[in-house]
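# Structural features, examined
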Amino acid sequence: PHAAELRNFILANLGASTITSRENPQKVYNLYRSNIHDLRKQRDKILNKAAGSAGHKQKGTVTGALAVVLDEVRLIRKKIRRAELEAIKGIYLFTNRGRDNSRSVDLHGLHVNESIKVLRILLTIAGKGEYRVVTGIGQHSCGQARLRPAMERFVNGLGFKCAQEKPGVLRVILHEAIVR
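The sections below set out a description of the structure shown in this document. (Residues numbered from 1 in each chain as written. Predicted model: local features only at pLDDT ≥ 70, side-chain atom pairs only at ≥ 80, totals over all residues. Heavy atoms only, no water.)

### Description of the sheet that holds strand β1 (residues 104–106)
Strand order in the open sheet formed by 4 strands is β1-β2-β4-β3, with mixed pairing between adjacent strands. Strands with a single pairing partner mark the edges of an open sheet, and in this sheet they are β1 and β3 (161–166). Taken pair by pair, the neighbouring strands of this sheet meet at an average axis angle of 20°, ignoring direction. Bridge count for β3 against strand β4 (residues 169–174) is 5 bridges, and the pairing is antiparallel. Paired with C162 across the bridge in β4 is V172. In the packing of helix α4 (residues 112–126) onto the sheet, the strands contacted are β1, β2 (129–134) and β4, and the crossing angle to β2 comes to about 160°. Helix-sheet contacts for helix α5 (residues 147–157) involve β3 and β4, and the interaxial angle to β3 is about 150°. (Pairing = 2+ DSSP bridges. Helix = DSSP H or I, 4+ residues; strand = E, 2+ residues; numbered from the N terminus. Axes fitted to C-alpha atoms, helices over the stretch in contact; angles between N-to-C directions. Contact = heavy atoms within 4.5 Å.)

This is the structure we're talking about:
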């Protein structure tokens, strides 16, 4: 369900976004990512508490307690997935404000797996020609850039050629439409 929702969202926001935010990109990123981080900490706390208390309970009560914990964790995982989807949508809109995504996209602020989801949708509707993918130079990555190499592998895996147009920008040559 999230894949279809993301596709519909991107298609609905393909034209140049009218968002005119002067927010600091790091502030926008933190706004969306902090909620996910908090939910993951909550999930881990529940799991750690359950693991610690499992050894202190009798066998029959462990099963019941485990069922409750699993229900709580499932609920939090749903919230995490929803928050991740909202992060993709919010960060995508912010970084692509004023940009027509029919021929280019800025993936700054998105994680590799999120970027692949977004790029797959956009390349599917792009048709033949050139498509520009702004990945940045990896300034915010720990150690070395992750996004550009991952996008190169992804695009090459689809059978298309890409080259670095300039630092932080890939030029993808689409020789045919992508079949979904």
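This is not the end of the story, as more comes after the structure.
### Remarks on the packing of helix α1 (residues 2–12) against α4
Between α1 and α4, the shortest axis-to-axis distance is 10 Å and the interhelical angle comes to 55°. Between α1 and α4, the angle falls in the class oblique. Every pair of crossing elements has a handedness; the one defined by α1 and α4 is right-handed. When α1 is examined against α4, the residues L6, R7, I10 and L11 are found in contact with a partner set consisting of K117, V118, I121, L122, T124 and I125. Classifying every residue of the contact of α1 with α4 by side-chain character gives 7 nonpolar, 1 polar and 2 charged. (Parallel < 35°, antiparallel > 145°, perpendicular 65-115°, else oblique. Left-handed = near helix turned anticlockwise from the far one by under 90°. Nonpolar A, V, L, I, M, F, W, Y, C, P; charged D, E, K, R; others polar.)

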